[in-house]
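Take a look at the letters that make up each chain.
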Amino acid sequence: MSIRELTPEQARARQLDGVLLIDVREAHERAGGMAEGALGVAKGALLADPGRHLPDPEREFMLICQSGKRSGDAVAVLAEAGYGRLASVAGGTVAWRVAGLPLVQPLLDADERDFYDRYSRHLLLPQVGEAGQRRLRQSRVLVLGAGGLGAPASFYLAAAGVGHLRIADDDVVERSNLHRQIIHTEAAVGMAKVASARERLLALNPHVEVEAIRERVSSDNIDALMQGVDVVLDGSDNFPLRYLLNDACIKHAKPLVYAAIERFDGQVSVFDAGRQRGQAPCYRCLFPEPPPPEFAPNCSEAGVLGVLPGLAGVMQATEVLKLLLDIGEPLTGRLLRFDALQMRFRETRITADPACPVCAPSVPFPGYIDYAAFCSHRA
Ligand SMILES: [Zn+2]
């Protein structure tokens with residue numbers, strides 16, 4: 001069928017005669033300027049329930065979008081639904097602007113305008129879009145550690161608009177941290193890491209909330225830290241904390257985005273056994289017990305290439321965003337290992353251990369094991 005099209009000038013003349021003009025672009029697109037007098041109703045909402053926005057099928061109306069494509073498509077669909085007197089504006093808002101016809105900025109408060117500007121490149125992605133971006137704003141992520149992994153990960157999560165970050169760490173910034181923990185600056189040396197991180201994150205994006213918890217994480221406070229969060233990011237640098245976090249995520253049914261790094265090597269995975277008991281593996285399915293303290297790198301500090309935690313931390317942030325948006329395929333059941341010297345990535349399938357002491361479906365939660373005391377005692 002042929003779609004009735006009007007030039008912007010013709011549409012403007014009809015509009016001044018009282019014909020309704022509807023801008024069918026998404027709200028974030030209209031935020032950049034829309035035809036004066038137009039009513040904003042996104043195409044999806046209009047087509048989902050035309051009768052709500054256009055109660056009278058006999059009435060004449062016009063649709064406008066960005067370039068004329070979407071409005072033309074919508075006109076075709078609505079014609080099928082019995083709307084006989086409608087037209088699409090050829091060339092859309094772009095042509096309207098070129099023709100010098102009046103545009104208005106929709107009334108938005110400062111927060112809304114910031115939202116549409118700041119996340120405009122996210123809003124262009126159909127996999128994120130306005131609904132996804134609002135979902136990120138409602139999300140809460142626990143970041144354990146404001147060091148090598150937590151620094152780049154939380155930086156990107158704040159930038160991406162994750163609304164609430166809870167960061168726990170009891171360390172202070174040392175000069176030897178700065179070659180990799182890029183959230184901290186020279187001026188922050190001697191400051192609590194969580195306070196330094198909070199300051200930088202809010203400087204980057206004042207619209208996120210950052211809860212800075214300067215505490216040593218242990219079995220005493222882990223339950224409180226897990227409250228209300230959607231995803232947990234493991235930025236720990238030691239085995240006792242990693243096992244504690246794994247067990248807590250199973251107990252509280254939270255997905256855990258894991259990474260570990262050493263020298264030039266790293267590994268990343270998502271452990272989602274808490275929500276997928278018996279299906280998805282946990283960290284203990286892979287490594288049932290921590291290594292003896294004398295073999296654990298945290299007890300005998302290994303070196304690390306400065307960029308390495310950045311690489312791993314940004315992969316973790318990527319997995320967190322995917323989980324929050326429910327898009328793509330998470331690293332659940334896959335261990336991604338990389339060697340930065342050779343720049344090779346290798347993926348290993350990992351499966352849930354039916355005899356896992358913590359995540360096997362029939363096993364009641366065994367309680368937390370305080371490896372921390374054991375390790376520090378031995379050290
Ligand atoms: Zn397990």
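Residues numbered from 1 in each chain as written. Predicted model: local features only at pLDDT ≥ 70, side-chain atom pairs only at ≥ 80, totals over all residues. Heavy atoms only, no water.

Peer 1: How would you explain the overall build of the protein chain if you had to name every residue and give the values?
Peer 2: Regarding its fold elements, the protein chain presents 16 helices and 15 strands. A compact globule built from 379 residues should have a C-alpha radius of gyration of about 21 Å, whereas the protein chain, at 26 Å, is more than 25% larger. Based on the C-alpha atoms only, the size of the protein chain along its principal axes is roughly 85 × 50 × 40 Å. Within the protein chain, contacts between residues at least 6 apart in sequence are counted, and of these 67% link residues at least 24 apart. When the accessible surface of the protein chain is split by element, carbon and sulfur atoms take 52% of a total near 17,700 Å². (Helix = DSSP H or I, 4+ residues; strand = E, 2+ residues; numbered from the N terminus. Rg over C-alpha atoms; globule rule 2.2 N^0.38 Å. Contact = heavy atoms within 4.5 Å. Areas by Shrake-Rupley, 256 points an atom, 1.4 Å probe, with all protein chains shown as cover.)

Peer 1: Hey, could you go over the coordination of the zinc ion for me, with residue numbers and the actual values?
Peer 2: Every protein donor of the zinc ion is accounted for by Cys282 (SG), Cys285 (SG), Cys356 (SG) and Cys359 (SG), and the metal-donor separations fall at 2.3 Å. Around the zinc ion, the 4 donor atoms are arranged such that angles at the metal cover 94 to 119 degrees; this shape is classified as tetrahedral. Ordering the donors of the zinc ion by residue number gives the pattern C-x2-C-x70-C-x2-C. Here Cys282 is found in the loop between strand S13 (265-271) and helix H14 (283-286), whereas its partner Cys356 is found in the loop between strand S15 (344-349) and helix H16 (371-378), with 74 residues between them in sequence. Both residues of the pair, Cys282 and Cys356, belong to the buried class. (Donors = N, O, S within 2.8 Å, 3.2 Å for Na, K, Ca; no water. Tetrahedral: all angles 85-135°; square planar, octahedral: opposite > 155°, others 65-115°. Buried < 20%, exposed > 50% of the residue type's maximum accessible area, 1.4 Å probe, protein only.)

Peer 1: Just give me the short version of the sheet that holds strand S5 (residues 61-64), but keep the residues and values in it.
Peer 2: Read across the sheet, 5 strands follow the order S1-S6-S5-S2-S4 without closing on themselves; strand pairing throughout is parallel. Every other strand in the sheet has two partners, leaving strand S1 (5-6) and strand S4 (39-40) as the edge strands with one partner each. The pairing of strand S2 (residues 20-23) with S5 spans 4 bridges and is parallel. By the bridge assignment for S5, Asp23 is matched with Ile64. Where helix H5 (residues 69-80) meets the sheet, it contacts S5 and strand S6 (86-89), and its direction lies at approximately 170 degrees from that of S6. (Pairing = 2+ DSSP bridges. Axes fitted to C-alpha atoms, helices over the stretch in contact; angles between N-to-C directions.)

Peer 1: Describe the side chain of Arg334, listing the residues and the values that go with them.
Peer 2: Mapped onto the fold, Arg334 is located in strand S14 (residues 334-339). From its side chain, Arg334 meets the backbone oxygen of Pro330 in a polar contact 2.9 Å long. Arg334 has contacts with Val268, Ser269, Glu329, Glu347, Thr348, Arg349 and Ile350, leaving out every residue within four places of it along the chain. (Polar contact = N/O pair within 3.5 Å; in protein donor to acceptor, adjacent residues only side chain to side chain.)

Peer 1: Can you tell me about the sheet that holds S14, naming the residues and giving the values?
Peer 2: The strand order across the open sheet built from 8 strands is S10-S9-S8-S11-S12-S13-S14-S15, with neighbouring strands paired in mixed fashion. Two strands lie at the open edges of the sheet, namely strand S10 (209-213) and S15, each paired on one side alone. On average, each strand axis in the sheet is inclined to that of its neighbour by 15 degrees, with strand direction left out of account. Inspection of the sheet shows strand S9 (residues 164-168) paired to S10 by 5 bridges, in the parallel sense.

Peer 1: Before we move on, can you summarise the environment of Asp170 with the specific residues and values?
Peer 2: By the element assignment, Asp170 lies in the loop between S9 and helix H11 (193-204). Taking C-alpha positions, Asp170 is 9.0 Å from Ala146, a pair spaced 24 residues apart along the chain. Discounting residues that sit within four places of it in the chain, Asp170 has contacts with Arg214, Glu215 and Arg216.

Peer 1: For the pattern of salt bridges, give the residues involved together with the corresponding values.
Peer 2: Summed over all chains, the structure comprises 23 salt bridges. Two residues, Arg175 and Glu186, come together in a salt bridge whose shortest N-O distance is 2.7 Å. In this pair, Arg175 is assigned in the loop between S9 and H11 and Glu186 in the loop between S9 and H11, connecting sequence segments 11 residues apart. Given a relative accessible area of 48%, Glu186 falls into the partly exposed group. Taken together, the shared-partner salt bridges connect Arg4, Arg14, Asp17, Glu60 and Arg85 into one network. (Salt bridge = Lys/Arg side-chain N within 4 Å of Asp/Glu carboxyl O.)

Peer 1: Outline the pairing of strand S8 (residues 140-144), listing residues and values.
Peer 2: Most of S8 is tucked away: 4 of the 5 residues are buried. Where S8 meets strand S11 (residues 231-234), 4 bridges bridge the pair, whose relative direction is parallel. Its bridge partner being in S11, Val143 is matched across the sheet by Leu233.

Peer 1: How would you summarise the packing of aromatic side chains if you had to cite specific residues and measurements?
Peer 2: Summed over the entire model, instances satisfying the criterion amount to 10 aromatic pairs. Taken together, a centroid distance of 5.8 Å and an interplanar angle of 70 degrees make the contact between Phe271 and Tyr283 edge-to-face. Of the two residues, Phe271 is situated in strand S13 and Tyr283 in helix H14; the sequence distance between them amounts to 12 residues. An angle of 25 degrees between the planes, with centres 5.4 Å apart, marks the rings of Phe338 and Phe345 as stacked. (Phe/Tyr/Trp six-rings, centres within 6.5 Å; stacked < 30°, edge-to-face > 60°.)

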